[in-house]
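# Summary of the model geometry
Spelled out, the chains give:
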Amino acid sequence: MPDVTERCSVAVIGGGVIGSTVAWTLAEAGHRVTLYTDRAVEQSTTWVAGGMLAPWSEAWPGDSGLLDLSLASMRAWPGFAARLEQDEHRVITARGSLAVAADEGDVADLHRVMAWLEARGEPVAPLSRREARALEPGLAAGLRPVFQVQDELAVDNRATLLALRELAVRAGATIEQRRISSLASLPQDQVVVAAGPWTSELLPALRVRPVKGEIMRLARRSFSAPPPRRIVRGWVRGRHVYLVPRPDGMVVGATQHEAGFDTTVTAGGVRDLLADAEAVFPGVADYAITDMSAGLRPVTPDNIPLIGRVDDRTLVAAGHGRNGMLLAPLTGSAILAELDGQPLAEAAAAHPRRFA
Ligand code: GLY
């Protein structure tokens, strides 16, 4: 193992929320960082995201490793957001979330999730119809509310990414827009691969695959019902939809398809998103559609990201699946700790050598 406790030159490959957080964290700690990104900020997967920090309502029974990792990062988010918001950027757009179901099967599924979370002592609270209507009057009348989580957050993913890039540059990082196809050609002492689903092109031994998600942005018009004030997570006849508030509307996402690297927004995807959003929040029909896009979630075989050292020169920070925004602060700290030769205990479950 090289002596990496000295501050060194580091190449970070990937300019999404993970690469940008890593670049900022390392530059602030005194490393000489170059962030390589092959695309404009508007073309990154982070630009497409919904911006939910929802470790509990996105959890699945049995996925304790991912939930523990998510909670460790969630604890870091208030301080992280405060740093991002120091300047003009407004990052946090809503607090709290409601989980609601459309039919009996959805209710049963959500109850299983809630029972598992309650057994772990997590802060989920049962939600009655009356409470839900008082909190969010725009919810559909026939819905079955199941639980709420007060501590979940929604963030503006685009403001977050712009703030991270700015802070990284201010801390001394350089950003170069070019595609890197070989790690060997890079001049830096250390390399961090944060290339999302393209990570496997650079590190073929690591398996990260793309899972497509289509998503829409909707703007309120003068006569539309106001957008929800909390994240609404709907389970609608076996499909999932989320409504994430923005000051002037909402983000509605997201489909989930194994479609390789295809990012076409399909008619079927839009139809499903709108149908499910309307089943949860009928007023959505009056909103203007301002953006439809598709992103590629980087997913690993066990849904836990890859964060840590691969060899003497190479580290990885990839495979964050549905949780890139949420896991960014922990990932930045974990990569810095690895470079300092003192791996973070909270990130141990994400070590890339677990598949070796
Ligand atoms: N975290 C939401 C999504 O991946 O669609």
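The paragraphs below set out a description of the structure included in this document. None of these values were measured; they are calculated from a predicted model. (Residues numbered from 1 in each chain as written. Predicted model: local features only at pLDDT ≥ 70, side-chain atom pairs only at ≥ 80, totals over all residues. Heavy atoms only, no water.)

Here we take up the packing of helix α1 (residues 17-28) against helix α6 (residues 157-170). Where α1 contacts α6, the axes come no closer than 8 Å and their chain directions differ by 30°. Regarding the angle of α1 to α6, the classification is roughly parallel. Regarding α1 and α6, the two cross each other, and that crossing is left-handed. Contacts between α1 and α6 involve V17, S20, T21, A23, W24 and A27 on the former and, on the latter, L161, L164, R165, L167 and A168. Counted by class, the contact of α1 with α6 contains eight nonpolar, two polar and one charged residues. (Axes fitted to C-alpha atoms, helices over the stretch in contact; angles between N-to-C directions. Helix = DSSP H or I, 4+ residues; strand = E, 2+ residues; numbered from the N terminus. Parallel < 35°, antiparallel > 145°, perpendicular 65-115°, else oblique. Left-handed = near helix turned anticlockwise from the far one by under 90°. Contact = heavy atoms within 4.5 Å. Nonpolar A, V, L, I, M, F, W, Y, C, P; charged D, E, K, R; others polar.)

In this structure, L26, W77, L84 and V192 are the most contacted members of the largest nonpolar core, which totals 47 residues. No other element matches the nine residues that helix α9 (residues 324-339) contributes to this core. Not counting residues up to four positions away in its chain, the partners in contact with W77 are L53, L84, V91, V155, T160, M325, L326 and P329. (Core = buried A, V, L, I, M, F, W, Y, C linked by side-chain atoms within 4.5 Å. Buried < 20%, exposed > 50% of the residue type's maximum accessible area, 1.4 Å probe, protein only.)

Let's shift gears to the packing of aromatic side chains. If you walk through the whole model with that rule in mind, you get four aromatic pairs. Ring centres of W24 and F80 lie 5.8 Å apart, and the angle between their planes is 45°; this geometry places the pair in the tilted category. Placement of the pair is W24 in helix α1 and F80 in helix α3 (residues 64-84), with a sequence separation of 56 residues. Note on W24: relative accessible area 5%, which makes it buried. Using a relative accessible area of 9% as the deciding quantity, one classes F80 as buried. Centroid distance W198 to F261: 5.6 Å. Interplanar angle 40°. Geometry classified as tilted. One end of the pair, W198, is in the loop between β8 (190-193) and α7 (199-202); the other, F261, is in the loop between β12 (249-253) and α8 (267-280), and 63 residues separate them in sequence. Taken together, the ring pairs connect W24, W77 and F80 into an aromatic cluster. Directly above the ring of W198 sits R39, whose terminal nitrogen or CZ lies 4.3 Å from the centroid. (Phe/Tyr/Trp six-rings, centres within 6.5 Å; stacked < 30°, edge-to-face > 60°. Lys NZ or Arg CZ within 6 Å of the ring centre and 35° of its normal.)

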